[in-house]
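Single-letter residue listing:
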Amino acid sequence: MARILSLVAALAVQAAVAVPAAMAQESVKLNMVPLPSTRQQVDLTMDMKMTMSMQLPANATDQQRAQMEQMKASMPITMKVGMRQDLSTTAKAADGAYTLNAEVTTLKSEMRDGKGETKPIPQTPPVRFSARLKDDQFEKIDLQLPNAGQAQALTKEMQEQIFNQSFDWMRKFNGKSVKVGETIEMPIEMNLPMASGKAGKLVGRYTLTSVDKGVASFDVDVRMDMSFAAPMKAASGASAPAGPVEGAMTGAGKGKMDLRLADRLMLRSTMAMTMGVDMAGPQGNKMRMDMEMSMSGTGKALPPGAKKPAAPAKPATKN
């Protein structure tokens, strides 16, 4: 559940901060699809502060109460994460189609508890996806999940659902024009696979503040509201399933973004965001998470790709 939620969130944030555009000096005609024969690299950093609190039922065990006190003593948790998104597209084929390949890699990550002690973070493999592009539309999407467990948990249809939910706004707003001073609203419908409940929504409001020397600058306002219910595995040896976990997630953020129009490249972005998550378990346990996040990104165009050098040959061994 946590891995799926983080994947959707990551895709949603990526969509919210990467609005490529193209057009003139006093208006911008939105087009979010990467151009053919391009390579781009975007470095993203995130600083997060999180606090968690629990509410136990009256009949909670001593072990549960001890765990709650231990969690309180470890707050707040802080995390620093650096990521890199590499994107490349092929040349157009005879029918006008071309292929997009993208990879999101974690460069560094660090987590500390309230006492300043470093906590281990699981190694996160790269997330990759590819798509066939034609007429400024995404077709034939292939999302490559980091590990076999996720691949088994999510069917091909679910994988495409995640991708489509995150990038559906591109299809809706291609060709829309916005003038300096105007605001355009871009909603993203979110509904977690393997979870039931009301579909959530992330809404980005982009206000064009200026267009100077081929760079369009936006003020960005983001709002997120989502509810969910997901099954929770029973403890080892339990005779019955533990039951569903129900929750709600809300968030709000403000930031800025600069886009170079000629090659649809995000040059700079910043976002300060707060999020709150409430979860309730079947045994009366309740948990509250509050997060404060500061995110920034810088992008650059790369020269045409060259093949990676072959690995050096291994020295010969006897016998």
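Predicted model only: the values in this text are computed from it and were never measured.

Caption draft 1: Quick peek at the overall build of the chain. Helices and strands together make up the secondary structure of the chain, namely four helices and 15 strands. Here the chain holds 319 residues, and 39% of them are scored as buried.

Caption draft 2: Layout of the packing of aromatic side chains. As enumerated under the stated definition, the model contains one aromatic pair in all. Here tyrosine 206 and phenylalanine 218 contribute two aromatic rings whose centre-to-centre distance is 6.4 Å and whose plane-to-plane angle is 85°, an arrangement assigned as edge-to-face. Of the two residues, tyrosine 206 sits in strand E11 (residues 200–212) while phenylalanine 218 sits in strand E12 (residues 215–232), which places them 12 residues apart along the sequence. Judged by its relative accessible area of 2%, tyrosine 206 is buried. For phenylalanine 218, a relative accessible area of 2% puts it in the buried group.

Caption draft 3: Geometry of the confidence of the model for the chain. Looking at the chain as a whole, its pLDDT mean stands at 78, while 71% of the residues score no less than 70. Confidence, read as mean pLDDT per element, is least for strand E1 (residues 21–22) in the chain (36) and greatest for strand E15 (residues 286–301) (95). Below a pLDDT of 50 lies the segment residues 1–24, which in the model reaches 71 contacts outside its immediate sequence neighbourhood of four places, other chains included.

Caption draft 4: A look at the pattern of salt bridges. Tallied over the entire structure, the rule returns 15 salt bridges. Residues arginine 260 and aspartate 263 are paired through a salt bridge, measuring 2.7 Å at the closest nitrogen-oxygen approach. According to the relative accessible area criterion, aspartate 263 is buried, its value standing at 17%. Where arginine 288 meets aspartate 290, a salt bridge forms, and the shortest distance between an N and an O atom there is 2.7 Å. Judged by relative accessible area, arginine 288 falls into the partly exposed class, the value being 28%. Among the charged side chains, a network of salt bridges with common partners joins Asp221, Arg223 and Lys254.

Caption draft 5: Quick peek at the side chain of threonine 89. Mapping threonine 89 onto the fold places it in strand E4 (residues 77–89). Judged by its relative accessible area of 10%, threonine 89 falls in the buried class. In terms of polar contacts, threonine 89 uses its side chain to reach the backbone carbonyl oxygen of leucine 35, at 2.6 Å. In contact with threonine 89, other than residues within four places in its own chain, are Pro34, Leu35, Pro36, Ser37, Thr38, Tyr98, Thr99 and Leu100.

Caption draft 6: Structural context of the pairing of strand E3 (residues 39–55). When E3 meets E4, the two strands line up antiparallel, connected through 12 bridges. Across the sheet, residue methionine 46 finds its bridge partner in E4, namely valine 81.

Caption draft 7: A look at the pairing of strand E5 (residues 98–112). Taken together, the 12 bridges between E4 and E5 define a ladder with antiparallel strand orientation. Across the sheet, residue glycine 82 finds its bridge partner in E5, namely lysine 108. Where E5 lies against strand E7 (residues 127–134), seven bridges are found, and the strand directions are antiparallel. Counterpart to threonine 99 in the pairing with E7 is arginine 132. Taken together, the two bridges between E5 and strand E6 (residues 118–119) define a ladder with antiparallel strand orientation. Looking at the pairing, methionine 111 lines up with lysine 119 of E6. Between the end of E5 and the start of E6, which pair antiparallel, lie five residues, with glycine 116 showing a positive phi angle near 85°.

Scoring rules and cut-offs
Residues numbered from 1 in each chain as written. Predicted model: local features only at pLDDT ≥ 70, side-chain atom pairs only at ≥ 80, totals over all residues. Heavy atoms only, no water. Helix = DSSP H or I, 4+ residues; strand = E, 2+ residues; numbered from the N terminus. Buried < 20%, exposed > 50% of the residue type's maximum accessible area, 1.4 Å probe, protein only. Phe/Tyr/Trp six-rings, centres within 6.5 Å; stacked < 30°, edge-to-face > 60°. pLDDT = per-residue confidence, 0-100. Contact = heavy atoms within 4.5 Å. Salt bridge = Lys/Arg side-chain N within 4 Å of Asp/Glu carboxyl O. Polar contact = N/O pair within 3.5 Å; in protein donor to acceptor, adjacent residues only side chain to side chain. Pairing = 2+ DSSP bridges.

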